[in-house]
Amino acid sequence: MLSLLVNDADVLQQLQTLKGLVFALASAALVFFTCYKGLNSRRRQLHRLGQSEQMLYLVQSHCTMGTWEYREDFFWNPAALKILGRDSNDEQASLAHLLTWLHPSERGAVQRAVQALIDSQIELNVCARLSQPAQQQPVWILLHGEVSADGRILGTVQDISEQKHAESALHESEMRFRQLFEQTPRIAVQGYDRDNRVIFWNEASAQLYGYNINEVLGRRMEELIIPPLQRSKMSSASHLWQRNGSAVSTGEIQLQRKDGSMVWVHSSQLVIRNRLDQLEKYHIDIDLTEQKKMHQELLVSESRYRALVNHLADAIFIIDSNNHLSFLNPAWEQISGHNINESLGSPLHRFIPELGHMPLIQHLDDLRNGVQSNLRLECQMLTDKGQVRRVELQLNRSEPDGCLHGSLRDVQERYQTQHLQQARNAVLDKLLGHKSLEDILDVITRSLEAIQPDMRVSIMLLDSQHCLYIGSAPSLPQNYCQAIDGIQANPGVGSCGHAAYTGELVIAEDISTHPNWQGYQDLALSSGLQACWSLPFKDDCGNVLGTFGVYYPRPASPSQADITLVTEFTRLAGLAVQSCGRQEQAN
């Protein structure tokens, strides 16, 4: 074509040279492109092959599976060697070597199966145990092998120990359950077909319902153990399970014995299919007669116990693991004055601050840990009105649940009686010892304050000019005593002045609002005194000798028990004043 197009020989030669050069370059480019494409394709195939190998290794690791090939000897991959418990030295092993790795009882079966694969190309699928020390858990393997299309013998080995252990545990569990089921006389089992006719009746059912197996086979459940009033309801439930194959819910039910008597049972029902794919229903009944009887006796016992606890004079309480009150009987309100519902969930130290928070917690911990067997002491309880009450506290540990149960006994009256008698004795000793009136009154005030620590007591003596002078006030501020010493016994003059004038009890529940205290409010409040009540004491003729003034650091009013207590002490004060007066006259 070039010869036809170009006539000049020189140009033709140059074009021929250029043509050859272009042809060589194009051929080289084509060869390069073809090689490059081939290399890329090989690289991708190698990458996919690597991924496949990684995936195969991952699958084998998760499935505890390895591979092998048989070529006159077994060739095991690393995963297979790991399962067999062998190292890389056993990568190639003969059948004889393989058999030595297995438990002696498994070798014959494995040898026959492998030989059948090699000789007759029969698929290999055999389970075997590895040979291991007796104290170790047995390792089970599954050998699988077959002949491929190209005539190679390939196979896998898989660790099936977990499956075997699970099967063994399930078998043991089933055996234990069957033994328990057959040896427990109180588990009555009955089987029924789709028409509710008896197909199974164990010995426990015969003992529970009174029918032997020959009497019940083929008979309907409704005519045997269902009470007449429940038969229509049971018939509807039977139709439901016959249609849907679902059993009636588990629960307690009252059924009928052969003699017509009733029995409570806990009935569970199970629907299964037999070998002919027919529905069968099984009832598992547990006799609740004894439980019902015991439950009723328990209810009666609890009722008696609750009635006893509710009528006790002592407050009974339970402290839970968080040291909070979880139970209180009605006596709690009588002793403490606190509402039960408001008290539940509160810590005990809220009501007995005298013991202190941490010391009481330590006592409770010691009781729970067995360091102390019990705790018993007298302490002061704070009532709902802020008054102090003497109680006897007792705490013990409850073994079943680890809670602490205890009691509070009101010993306020006993405590007051003891201290009142001690005060009487002390006053008589002072009188017989011819002590000064000031010493005797000081004994009286301190004795009263020892019984009621929230009280601040003063004794004021009335002179012939109808003025009141401090006889004893050990707990009152000195500046306050100086200010009230010598006040007039007139109406409206504080609590003591008014009481001395009228000869009657005077109560100022709140000094800041009471009209008798208008002239003394600032003085009293600045001294930390916010309430005061006064009770006069008299001689044998009914003449006022002086007053008892009882102060509180908060607004409060006395209880009847407080008034009764102070009245007893006024008698001692009257006796002391009259006795000392006679002594002075005699002198």
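Residues numbered from 1 in each chain as written. Predicted model: local features only at pLDDT ≥ 70, side-chain atom pairs only at ≥ 80, totals over all residues. Heavy atoms only, no water.

### Examining the sheet that holds strand β6 (residues 153-159)
For clarity, the cut-off: Paired strands are those between which DSSP finds at least two bridges. Elements are defined by DSSP. Helices are runs of H or I of four residues or more, strands are runs of E of two residues or more, and each kind is numbered from the N terminus. Contacts: residue pairs with any heavy atoms within 4.5 Å of one another. To obtain each axis, a line is fitted to C-alpha atoms, and for helices this fit is confined to the stretch in contact; angles are then taken between N-to-C directions over 0 to 180 degrees.
What the six strands build is an open sheet, ordered β3-β2-β1-β6-β5-β4; its pairing is antiparallel. The outermost strands of the open sheet, each flanked by one partner alone, are β3 (92-93) and β4 (124-129). Seen against the sheet, helix α5 (residues 104-120) touches β1 (65-70), β2 (74-76), β4, β5 (140-147) and β6 and runs at an angle of roughly 160° to β4.

### Concerning empty space enclosed by the protein
Keep this limit in mind: Every definition here rests on a 1 Å grid over the protein atoms only: cavities are sets of points where a 1.4 Å probe fits but cannot get out, pockets are open sets enclosed by protein on both sides within 12 Å along at least five of seven lines, and lining residues have some atom within 4 Å of a point. Grid points are joined across faces, edges and corners, and a volume is the space filled by probe spheres set on the points.
According to the stated counting rule, one finds one cavity of 30 Å³ or more in the structure shown. Its boundaries defined by the atoms lining it, the largest cavity holds a volume of some 80 Å³. Residue lining of the largest cavity: Met460, Tyr480, Ile484, Ile487, Val493, Gly494, Ser495, Cys496, Trp517, Tyr520 and Tyr551, and that is the complete set.

### A look at a positive patch on the surface
Spelled out, the test is: Patch definition: residues above 30% relative accessible area lacking any salt bridge, with like charges linked at up to 9 Å and the nonpolar side chains Val, Leu, Ile, Met, Phe, Trp and Tyr linked at up to 5 Å. In this description, accessible areas are obtained by the Shrake-Rupley approach with a 1.4 Å probe, and a residue is regarded as covered only by the protein chains that are shown. By salt bridge we mean one thing: a side-chain nitrogen of Lys or Arg within 4 Å of a carboxyl oxygen of Asp or Glu. A positive count includes Lys and Arg, and a negative count includes Asp and Glu. His and the chain ends are not counted in either. Throughout, a charge is located at the NZ atom of Lys, the CZ atom of Arg, the CG atom of Asp or the CD atom of Glu.
Together, Lys37, Arg43, Arg44 and Arg48 give the surface a local cluster of positive charge. Looking at the element boundaries, Arg48 is found in helix α2 (residues 9-62).

### Here's the deal with the sheet that holds strand β19 (residues 487-488)
Read across the sheet, six strands follow the order β19-β18-β17-β22-β21-β20 without closing on themselves; strand pairing throughout is antiparallel. With one partner strand each, in any of the chains shown, β19 and β20 (506-508) form the two edges of the open sheet. The strands touched by helix α15 (residues 437-451) within the sheet are β17 (456-462), β18 (467-472) and β22 (544-552), with β17 carrying the most contacts at an inclination of about 150°.

### Re the packing of helix α14 (residues 412-432) against α15
Inclusion rule: Reported orientations rely on four angle classes, namely roughly parallel under 35 degrees, roughly antiparallel over 145, roughly perpendicular from 65 to 115, and oblique for the rest. When residues are grouped by polarity, Ala, Val, Leu, Ile, Met, Phe, Trp, Tyr, Cys and Pro land in nonpolar, Asp, Glu, Lys and Arg in charged, and all others, Gly among them, in polar.
Where α14 meets α15, the closest approach of the two axes is 10 Å, and the angle between their N-to-C directions is 170°. Compared by their axis directions, α14 and α15 come out roughly antiparallel. In this structure, α14 uses Gln412, Tyr415, Gln416, His419, Leu420, Ala423, Ala426, Val427, Lys430 and Leu431 to contact α15, whose residues at the interface are Ile440, Val443, Ile444, Ser447, Ala450 and Ile451. Its residues placed into classes, the contact of α14 with α15 shows 11 nonpolar, four polar and one charged.

### A few points about the packing of aromatic side chains
For clarity, the threshold we go by: Only Phe, Tyr and Trp rings take part, Trp by its six-membered ring, and two of them pair if their centres are within 6.5 Å. Stacked means planes under 30 degrees apart, edge-to-face means over 60, and tilted covers everything else. Relative accessibility decides the category of a residue: with a 1.4 Å probe and only protein chains considered, values under 20% of the type maximum give buried, values over 50% give exposed, and everything between is partly exposed. In this scheme, the term charge over a ring applies when either NZ of a lysine or CZ of an arginine sits within 6 Å of the ring centre and within 35 degrees of the ring normal.
Scanning all chains against the criterion turns up 14 aromatic pairs. With 4.9 Å between their ring centres and 65° between their planes, Tyr70 and Phe74 make a pair best called edge-to-face. For the pair Tyr70 and Phe74, a shared accessibility class is recorded, and that class is buried. Among the aromatic side chains, those forming a connected cluster through ring pairs are Trp68, Tyr70, Phe74, Trp76 and Trp101. Note that Arg71 overlies the ring of Phe75, its terminal NZ or CZ placed 3.9 Å from the centroid. Positioned above the aromatic ring of Trp140, the side-chain terminus of Lys164 is 4.7 Å from the ring centre.

### Details of unusual backbone geometry
Of note in this structure, Glu72 is not a glycine but carries a positive phi near 70°. With respect to the element layout, Glu72 can be found in the loop between β1 and β2. With a phi close to 60°, His466 is a non-glycine residue in the positive phi region. By secondary structure assignment, the location of His466 is in the loop between β17 and β18.

### Quick word on the nonpolar core
Counted only if it meets this: Buried Ala, Val, Leu, Ile, Met, Phe, Trp, Tyr and Cys residues form a nonpolar core when they are joined through side-chain atoms within 4.5 Å.
The biggest cluster of nonpolar side chains holds 32 residues, and the ones touching the most others in it are Ile444, Phe548 and Phe569. Counting residues per element, the ones that place at least two in this core are α14, α15, β17, β21 (531-538), β22 and α19 (560-586). Per element, the largest residue contribution to this core is nine residues, and it comes from α19. In this view, Ile444 contacts Val427, Ile459, Phe548, Phe569, Leu572 and Ala573; residues no more than four positions away in its chain are not counted. Among the nonpolar cores identified, the runner-up in size contains 27 residues, and Tyr70, Ala93, Leu102 and Leu124 belong to it.

### Observations regarding the side chain of Ser267
Test applied: Under the rule applied, a polar contact is a pair of N or O atoms within 3.5 Å (in protein, one hydrogen donor and one hydrogen acceptor; residues adjacent in sequence only if both atoms are side-chain atoms).
Considering the arrangement of structural elements, one finds Ser267 in strand β10 (residues 262-273). In this structure the side chain of Ser267 is engaged in a polar contact, spanning 2.8 Å, whose partner is the side chain of Asp285.

### Examining the UniProt feature "domain: PAS" (unreviewed entry) in the chain
As a reminder, the rule being used: UniProt positions are given in the numbering used here, feature names are shortened, and annotations may be inferred rather than shown by experiment.
UniProt annotation of "domain: PAS" (unreviewed entry) refers to residues 75-121, 173-227 and 301-345 when read in the numbering used here. The straight-line gap between the two end C-alpha atoms of residues 75-121 is 18 Å; of that span, 66% is helix and 9% is strand. In residues 301-345, the share of helix is 47% and the share of strand is 20%. The end C-alpha atoms are 27 Å apart.

### Overview of the pattern of salt bridges
Evaluated as defined, the whole model comprises 18 salt bridges. Measuring nitrogen to oxygen at the nearest pair gives 3.4 Å for the salt bridge that ties Glu223 to Arg219. Measuring nitrogen to oxygen at the nearest pair gives 2.3 Å for the salt bridge that ties Arg414 to Glu378. Of this pair, Arg414 sits in helix α14 while Glu378 is found in strand β14 (residues 374-382), placing the two residues 36 residues apart along the sequence. In the salt-bridge network here, residues are joined through shared partners; they are Glu69, Arg71, Asp150 and Arg152.

### Quick word on helix α13 (residues 357-369)
Residues separated by three or four positions in an α-helix point in the same direction, a consequence of the helix having 3.6 residues per turn. Basically, it comes down to this: A helix is expected to span 1.5 Å multiplied by its residue count minus one.
Along its 13 residues, α13 runs 18 Å from first to last C-alpha, staying within 8% of the 18 Å computed at 1.5 Å per residue. All of the buried residues along α13 are Leu360, Ile361, Leu364, Asp366, Leu367 and Arg368.

### Let's talk about the pairing of β14
In terms of strand pairing, β14 meets strand β15 (residues 388-397) through nine bridges, oriented antiparallel. Paired with Leu377 across the two strands is Leu393, which belongs to β15. Taking the residues between adjacent antiparallel strands as the criterion, β14 and β15 are bridged by five residues, where Gly386 takes a positive phi near 80°.

### Considerations on a nonpolar patch on the surface
A surface patch of nonpolar side chains, amounting to about 390 Å² of accessible area, comprises Leu18, Leu21, Val22 and Leu25. Turning to its location among the elements, Leu21 is positioned in helix α2.

### A few points about the side chain of Asn329
Tracing the sequence through the fold places Asn329 in the loop between β13 (325-328) and α11 (331-336). In this structure, Asn329 is in contact with Val309, Asn310, Leu312, Asp314, Ala315, Ile316 and Ile340, ignoring residues within four places of it in sequence.

### What to know about the environment of Cys541
As for its placement among the helices and strands, Cys541 is situated in the loop between β21 and β22. Using a relative accessible area of 68% as the deciding quantity, one classes Cys541 as exposed. Through-space distance from the C-alpha of Cys541 to that of Leu441 is 21 Å; in sequence the pair is 100 residues apart.

### Digging into the state of the cysteines
As a reminder, the rule being used: In this description, a disulfide is simply a cysteine sulfur pair whose atoms lie within 2.5 Å.
As enumerated under the stated definition, the model contains zero disulfides in all. Considering cysteine sulfurs only, Cys580 is the nearest to Cys541, which forms no disulfide, with 18 Å between them.

### With respect to the environment of Ala149
With respect to the helices, strands and loops of the structure, Ala149 is situated in the loop between β5 and β6. Judged by its relative accessible area of 89%, Ala149 falls in the exposed class. C-alpha separation for the pair Ala149 and Ala331, spaced 182 residues apart in sequence, amounts to 94 Å.

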